[in-house]
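Chain by chain, the residues:
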Amino acid sequence: AAYGLTIEQVAAAVQAENRDTSAGTVDIDRRTYRVRTTARFTSPEQLEQMILFHDGTRTVRLGDVAIVKKGYEKVKANILVATKAQGINKALIYGIRVDPAANVVDTTNRVEDVVKTLNAEVLPAKKIRLEWFYDQRDYIQGAIDLVKQNIAVGGVLAVIILLLFLRSLSATAVVALAIPISIISTFIVLSAMDRSLNTISLAGISFAVGMLLDSAIVVLENIDRHRKMGKRFFQAAHDGAMEVWGALIASALTTIAVFLPVIFLESEAGQLFKDIAIAVTAAITFSLFVSISVIPMLWTQLMKFTSREHTLTDEELAQKQRHESLLVRFGGAVNALIMAGVRWSLKRPLNQLLTVTSLGAAALVTIWLLFPKMEYLPQGNQNLVLNILIPPPGLSEAESKAVGYGLYDYMKPHYGEEMGGVPPIKRTFFVSSGDFIIQGMISDAEQRAAEYIPFMMPAVNSFPGIFGITLQRGVFEQGIGEGRNIDIDISGEDMTTLANIGGMLFGTISQQMPGAQVRPVPSIEVLFPEARLLPDRNALASVGMNSSGFGFAADVLLDGRKISEYVEEGKKSIDLILKADDETINSPEALYRTQVATPKAGLVPISELSRLVHTTGITKIRHVAGKRTITLQVTPPMTMTLEEAVETLDRGILEGMRAKGMFKGAEVKLAGKADKLAQTVGSMKWNLLFALAIVYLLMSALFGNFVYPLVIMFTVPMAAAGGFVGLSLTNAFVAPQPLDILTMLGFIILIGIVVNNAILIVHQSLNNVRYHEMEYKEAIIEATYSRLRPIFMSSMTSIFGMLPLVLVPGPGSEFYRGLGSVITGGLGISMIFTLFVTPALMQFAIGMEKRRTQKEEAA
């Protein structure tokens, strides 16, 4: 003020002087020169000598009115890291964000190599060391190793089942050859499509292991049947393959077709489904090719060198049959029992009707009784637990830091040691910044991280005025604490009304949903202390100021105002801040008493230019669809599915409060994962119907008939019933498994798989009637009998090939356990139902066709 300068004038002068200006170009001697003025300050001394004012007699420099020095930004965050060996220390945390298209494991390995290089070659001179804190490799690699193991075990089990049925090493080797050829070919397809191998795509391959053998089994079994008719090896291989290739193509195409709707899903679940769709489609396609081409050729060559049956006499063959094993005799008894049931169901129309209606009704009742509530996506079991604390408005930096040390004291006995049933803690971190406080924990026992949730919940709610939530980091979580949560958006105009409604909802949810954790975003407390300076416009005008200049001066006196950037030669730029001494303003009242320089009146107290009002407000204002919004993020307990939680919130809580008029002045609705679940379930329903339509139309084209595909499609509800039985058994005896979106994919896959058995019976029945001129009832019985063995073989190899996915626990198993339980259960139940329902329905269909043909001939 002594020199007649205001704060705003000083800032404007520095901004005007500290800049580079391009002045254009000039041509000299056929060369173009760029002319540029460079006026950046490169040292504190240059800033001090900068001229602010000169009238010919007096020169005022920046150093005359300000102290120029280097400093640090005001501390706004606390970052603490704790381990058993080093205790708790301040730290910096660097987070590496991986591009969505990148391979996580490969990128993490490369980042670790860089860290090791820095620690070895660069940082020792600075007395700094980078400690590797956390990454997802162990979980990802563990999940991949587990599914690889399951593929191997499933393949071995499938081969053992084959060996039990075929009782021939050479024949088993021929069929088993389809597995490596198809899997290796699938890897080539995935690579060509630039898809990385992950838990989901490997699970798809594991599902395909059992299905890979279906076509090969049918071909080999039919070749063996023709060989037993007395045909030569080549003729048996040719006729056996030719007889079933149409049914095999129909079966493969129906399996592939059900994945077409999946490809068009754009949600998170759709992206996961694509990997399974690609893996299974590729595997099934190559297995079909192997079955029709490689299997007959290889069987013919092997039989020439290994088979001795064609040299045995009739007496030797009879003796061999008398000495069949107990297993073979048991299989024969099962066959006889099933065929007796089939013959009974075809004995008269009433029996057919009873068979179809009773089994169909049983399937529908099973679905109705066992249909569970739905979940969105699996949570996973990552080794990272987050404690998110919601502080009271205005909590100071020192108090936030005290919270971090308080949590450390609570956990200190558990670092590196298991105590009181709590897994040993490997390391923790704590970050606080303003109204954001988060603490993360990593366990020495990787698979037990979830056990920290009940251990930490009392601690995070033990600080006065602070409440918090404890969550395990979800695999598909995109934000902090936003994995398996339901958002309740409270929108309106008046923040006090929104906060009051949020408070009422918070208390009601806590009471009516025990175990649920509720997190307000941003806050339900309009209690952030505010001191407002209300400018007096008349007073400002009298001293030559306006509201903008007054606000600028207040900013400078408080935290400072960035007016430019300062750059030293060869170094990065730093902010150039104009601010008051930190000790000058230590309270709103001190600011109110402070004098500022004005253009017309010199030094004037701020108290003469404004009015100080103490009030409260909210920490931040969030907008959704243009409206002020407070959001409650509700995380239901793990024992409650997302659908159950949505119903409880919507019908049990929101509807009741809305009916009582408690939401006046606001709009309250569910969002977040609740919306995603509803959208994805709706999309899945349409995709399920689309898959059914595709399979039906495809079979209609292949059979040249619209009735026979309906016979085949009748097996779908029975498979669905089996899927729910499998899911229930998994829940009861293996592990809790909700009906999540990945599990729902199992029912779509079932549509393409379970029709295969019915296709075999229908196709062979039609062949017997059309080409062997059998009476239609005899044709159906013979077709069922001839396809009984391949149906059992293909179903059992598929079931046992997938069993490890269901039964073996471990990292990542929660992603495909439900999918595997649905497919195995559906295959097992439908295998039995198909053998009785399909022949009964087929007799109706062929009888209708025969009567129609007779009428046409008579006409």
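The model shown is predicted, which means the values in this text are computed figures rather than measured ones. (Residues numbered from 1 in each chain as written. Predicted model: local features only at pLDDT ≥ 70, side-chain atom pairs only at ≥ 80, totals over all residues. Heavy atoms only, no water.)

Across its full length, the protein carries 27 helices and 21 strands. Against the 2.2 N^0.38 benchmark of 29 Å for 859 residues, the protein shows a C-alpha radius of gyration of 38 Å, more extended than a compact globule. With the principal axes as the frame, the protein shows a C-alpha extent of 130 × 80 × 65 Å. Of all 859 residues assigned to the protein, the portion counted as buried reaches 48%. Within the protein, contacts between residues at least 6 apart in sequence are counted, and of these 75% link residues at least 24 apart. Roughly 42600 Å² of accessible area belongs to the protein as shown, and the carbon and sulfur atoms make up 58% of that amount. Taking the average place of the 78 positive charges on the side chains of the protein and the average place of its 79 negative ones, the gap between the two points comes to 4 Å. (Helix = DSSP H or I, 4+ residues; strand = E, 2+ residues; numbered from the N terminus. Rg over C-alpha atoms; globule rule 2.2 N^0.38 Å. Buried < 20%, exposed > 50% of the residue type's maximum accessible area, 1.4 Å probe, protein only. Contact = heavy atoms within 4.5 Å. Areas by Shrake-Rupley, 256 points an atom, 1.4 Å probe, with all protein chains shown as cover. Lys, Arg positive; Asp, Glu negative; His and termini not counted. Charge placed at Lys NZ, Arg CZ, Asp CG, Glu CD.)

Relative to the elements of secondary structure, Thr186 occurs in helix H7 (residues 178-192). Those residues within four positions of Thr186 in sequence are excluded, and the remaining contacts are Ile205, Ala279, Ala282, Ala283 and Phe286.

The six strands are arranged S6-S5-S8-S9-S7-S10 in an open sheet whose pairing can be described as antiparallel. Of all strands in the sheet, those with a lone pairing partner are strand S6 (87-90) and strand S10 (467-472), marking the two edges. The average undirected angle you get between the axes of adjacent strands in this sheet is 15°. The sheet contact formed by strand S7 (residues 385-390) and S10 spans six bridges and is antiparallel. The residue bridging Asn387 from the neighbouring strand is Thr470, located in S10. (Pairing = 2+ DSSP bridges. Axes fitted to C-alpha atoms, helices over the stretch in contact; angles between N-to-C directions.)

Take a nonpolar patch on the surface next. Together, Trp344, Leu350, Leu353, Leu354 and Phe844 line one region of the surface with nonpolar side chains, adding up to about 480 Å² of accessible area. Here the nonpolar patch takes three residues from helix H14 (residues 349-370), the largest share from any one element. (Patch = residues over 30% accessible without salt bridge, like charges linked within 9 Å, V, L, I, M, F, W, Y side chains within 5 Å. Salt bridge = Lys/Arg side-chain N within 4 Å of Asp/Glu carboxyl O.)

Before going further, it helps to spend a moment on the pairing of strand S17 (residues 602-605). Side chains on a regular strand alternate between the two faces of the sheet. As paired strands, strand S16 (residues 595-598) and S17 are joined by four bridges and run antiparallel to one another. Residue pairing for S17: Thr598 is matched across the bridge by Gly602.

Further remarks concern unusual backbone geometry. If you check the backbone angles, Lys127 has positive phi at about 60° while not being a glycine. Within the secondary structure, Lys127 sits in the loop between helix H4 (104-122) and helix H5 (137-166).

It is the contact of helix H17 (residues 495-512) with helix H21 (residues 642-659), at a shortest axis distance of 11 Å, that shows an interaxial angle of 140°. Looking at the two axes, H17 sits oblique to H21. Crossing handedness for the pair H17 and H21: right-handed. Residues Met504, Leu505, Thr508, Ile509 and Gln512 of H17 form the contact with H21, whose participating residues are Leu649, Gly652, Ile653, Leu654 and Met657. Considered class by class, the residues forming the contact of H17 with H21 number seven nonpolar, three polar and no charged. (Parallel < 35°, antiparallel > 145°, perpendicular 65-115°, else oblique. Left-handed = near helix turned anticlockwise from the far one by under 90°. Nonpolar A, V, L, I, M, F, W, Y, C, P; charged D, E, K, R; others polar.)

This next bit is on the environment of Arg789. The residue Arg789 is located in helix H26 (residues 776-807) in this model. Look at Arg789 and you get partly exposed, because its relative accessible area is 22%. Measuring from C-alpha to C-alpha, the distance between Arg789 and Ile753 comes to 17 Å, with 36 residues separating the pair along the chain. Those residues in contact with Arg789 that lie beyond four places of it in its chain are Phe165, Leu166, Glu221 and Asp224.

Right, let's get into the packing of H4 against H5. In the contact formed by H4 and H5, the axes pass within 10 Å of each other and the chain directions differ by 140°. Here H4 is positioned oblique relative to H5, judged by the angle of their axes. Crossing of H4 over H5 shows left-handed handedness. Contact residues: H4 offers Val104, Val105, Thr108, Asn109 and Glu112, while H5 offers Arg137, Ile140 and Gln141.

Time to look at the side chain of Gln843. As for its placement among the helices and strands, Gln843 is situated in helix H27 (residues 813-858). Owing to a relative accessible area of 10%, Gln843 belongs among the buried residues under this scheme. One polar contact links Gln843 to Gln352, side chain to side chain, over a distance of 3.4 Å. (Polar contact = N/O pair within 3.5 Å; in protein donor to acceptor, adjacent residues only side chain to side chain.)

Evaluated as defined, the whole model comprises 17 salt bridges. For Arg137, the salt bridge goes to Asp135, with nearest N and O atoms at 3.1 Å. Each member of the pair, Arg137 together with Asp135, is buried. Of the charged contacts, one joins Glu530 and Arg532 as a salt bridge, the two residues approaching to 2.9 Å between their closest N and O atoms. Arg532 sits in the partly exposed class, given a relative accessible area of 40%. Three or more residues are tied together by salt bridges with common partners; here these are Glu112, Asp135 and Arg137.

Turning our attention to the nonpolar core. If you look at the biggest cluster of nonpolar residues, it comprises 157 residues, and the most contacted ones within it are Trp299, Ile488, Leu505, Ile509, Leu649 and Ile823. Examining the composition of this core, we find that 18 residues originate from one element, helix H25 (residues 741-770), more than from any other. Among all residues touching Leu505, those that are not within four sequence positions of it are Ile488, Ile490, Leu632, Ile653, Leu654, Met657, Phe663 and Val668. (Core = buried A, V, L, I, M, F, W, Y, C linked by side-chain atoms within 4.5 Å.)

Tallied over the entire structure, the rule returns seven aromatic pairs. Plain terms: the ring middles of Phe233 and Trp299 are 5.7 Å apart, the flat faces sit at 75° to each other, and that makes the pair edge-to-face. With Phe233 in helix H9 (residues 233-257) and Trp299 in helix H11 (residues 268-306), this pair connects stretches of sequence that are 66 residues apart. For Phe233, a relative accessible area of 12% corresponds to the buried category. Judged by its relative accessible area of 4%, Trp299 falls in the buried class. Between the aromatic rings of Tyr408 and Tyr415, the centroid separation amounts to 5.6 Å while the plane-to-plane angle is 45°, which identifies the pairing as tilted. For the cation-ring pair, Arg227 lies above Phe233, with the distance from its terminal atom to the ring centre recorded as 4.4 Å. Arg427 extends its terminal NZ or CZ atom over the ring of Phe133, reaching a point 5.4 Å from the ring centre. (Phe/Tyr/Trp six-rings, centres within 6.5 Å; stacked < 30°, edge-to-face > 60°. Lys NZ or Arg CZ within 6 Å of the ring centre and 35° of its normal.)

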